[in-house]
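Chain and residue survey
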Amino acid sequence: GDSVTQTEGLVTLTEGLPVMLNCTYQSTYSPFLFWYVQHLNEAPKLLLKSFTDNKRPEHQGFHATLHKSSSSFHLQKSSAQLSDSALYYCARGNNKLTFGQGTVLSVIP
Amino acid sequence: EAAVTQSPRSKVAVTGGKVTLSCHQTNNHDYMYWYRQDTGHGLRLIHYSYVADSTEKGDIPDGYKASRPSQENFSLILELASLSQTAVYFCASSWTGPLYEQYFGPGTRLTVL
């Protein structure tokens, strides 16, 4: 069935290094993909979303590219900042969303 | 900025008791959702609604009921609370359409003893 997989539960990085959080999906149709971010003791909020015209979405230095051939929508950033430490969710769907298990990103000095 | 509020913000309930979690949104959104968040499971959809007086089952509806008496309000009801329902519950709302983001409330931390 339709699902979203985030293989890393925790990613620890030193400030300034590149970030890549993995997200793969299974879907019976061309999906809409999203990344949500949740900082400690806050509500989840949208970080970025895919588009069907192959434009790469970007927000706050983060970007993600939808690769239909590999069913992936990995989140990337060229240089991690301490303030990027948070829980990141990949999600797919159309109003009714299915979320992955989430990846905690911990950026250390 | 979309506004979604939840009450209570935290609650301790006894096993077998009834619990009602409330959600209110002021943005005239069509869709409202209830999720639970557990470590290792992420966010899982319990119930959702796209119009007042109608609710739909999400992915994990067992043990939960939902009520949408108006466009602004959406409640989650645990008729017989169980230990396994200890979690953080989030309400969210959105417009209709695949590219509209969901706006989340601050969450309710429920502890069932």
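So, here's what we can say about the structure.

1. A few points about the overall build of chain B
On a plain count of helices and strands, chain B comes out with zero helices and eleven strands. Reading chain B from its N terminus to its C terminus gives the helix and strand order β-β-β-β-β-β-β-β-β-β-β. The C-alpha atoms of chain B give a radius of gyration of 13 Å, which matches the 13 Å a tight globule of 113 residues would have. Projecting the C-alpha coordinates of chain B onto the three principal axes gives extents of approximately 40 × 30 × 25 Å. For chain B, the residues scored as buried account for 49% of the 113 residues in total. Restricting the contact set of chain B to residue pairs at least 6 apart, pairs at least 24 apart contribute 55%. As displayed, chain B offers around 5200 Å² of accessible surface, 51% of which is attributable to carbon and sulfur atoms.

2. With respect to the interface of chain B and chain A
If you look at the interface, chain B gives 24 residues, while chain A gives 21 residues. Summing both partners gives a buried area of about 1800 Å² for chain B against chain A, and 56% of it is carried by carbon and sulfur. For the chain B face of the interface with chain A, the top three residues by lost area are B:Leu43, B:Pro98 and B:Leu99, together amounting to 34%. The interface formed by chain B and chain A includes one salt bridge. On the surface where chain B and chain A come into contact, there are four residue pairs in polar contact (both at pLDDT 80 or more). Within the residue set of the side of chain B that touches chain A, elements represented by two or more residues are strand 4 (31-38), strand 5 (42-51) and strand 9 (87-94) of chain B. For the side of chain B that touches chain A, a count of residues per class yields twelve nonpolar, ten polar and two charged.

3. Some details on the side chain of A:Asp84
All names here are of chain A. Mapped onto the elements of the fold, Asp84 is located in the loop between strand 9 (75-77) and strand 10 (86-94). Engagement of the side chain of Asp84 in a polar contact is seen with the side chain of Lys77, the distance being 2.8 Å. Ignoring anything within four residues of it in the chain, the contact list for Asp84 reads Phe62, Lys77, Ser79, Leu105 and Val107.

4. Some thoughts on the sheet that holds strand 9 of chain A
Residue and element names in this part refer to chain A. Sheet architecture is open: four strands sit in the order 3-9-8-7, paired in antiparallel fashion. Edge strands, defined here as strands with exactly one partner in the open sheet, are strand 3 (19-21) and strand 7 (58-59). In terms of strand pairing, strand 3 meets strand 9 through three bridges, oriented antiparallel. Across the sheet, residue Val19 finds its bridge partner in strand 9, namely Lys77.

Rules and cut-offs
- Residues numbered from 1 in each chain as written.
- Chains lettered and ligands numbered in written order.
- Predicted model: local features only at pLDDT ≥ 70, side-chain atom pairs only at ≥ 80, totals over all residues.
- Heavy atoms only, no water.
- Helix = DSSP H or I, 4+ residues; strand = E, 2+ residues; numbered from the N terminus.
- Rg over C-alpha atoms; globule rule 2.2 N^0.38 Å.
- Buried < 20%, exposed > 50% of the residue type's maximum accessible area, 1.4 Å probe, protein only.
- Contact = heavy atoms within 4.5 Å.
- Areas by Shrake-Rupley, 256 points an atom, 1.4 Å probe, with all protein chains shown as cover.
- Buried area = accessible area lost by both parts, 1.4 Å probe.
- Salt bridge = Lys/Arg side-chain N within 4 Å of Asp/Glu carboxyl O.
- Polar contact = N/O pair within 3.5 Å; in protein donor to acceptor, adjacent residues only side chain to side chain.
- Nonpolar A, V, L, I, M, F, W, Y, C, P; charged D, E, K, R; others polar.
- Pairing = 2+ DSSP bridges.

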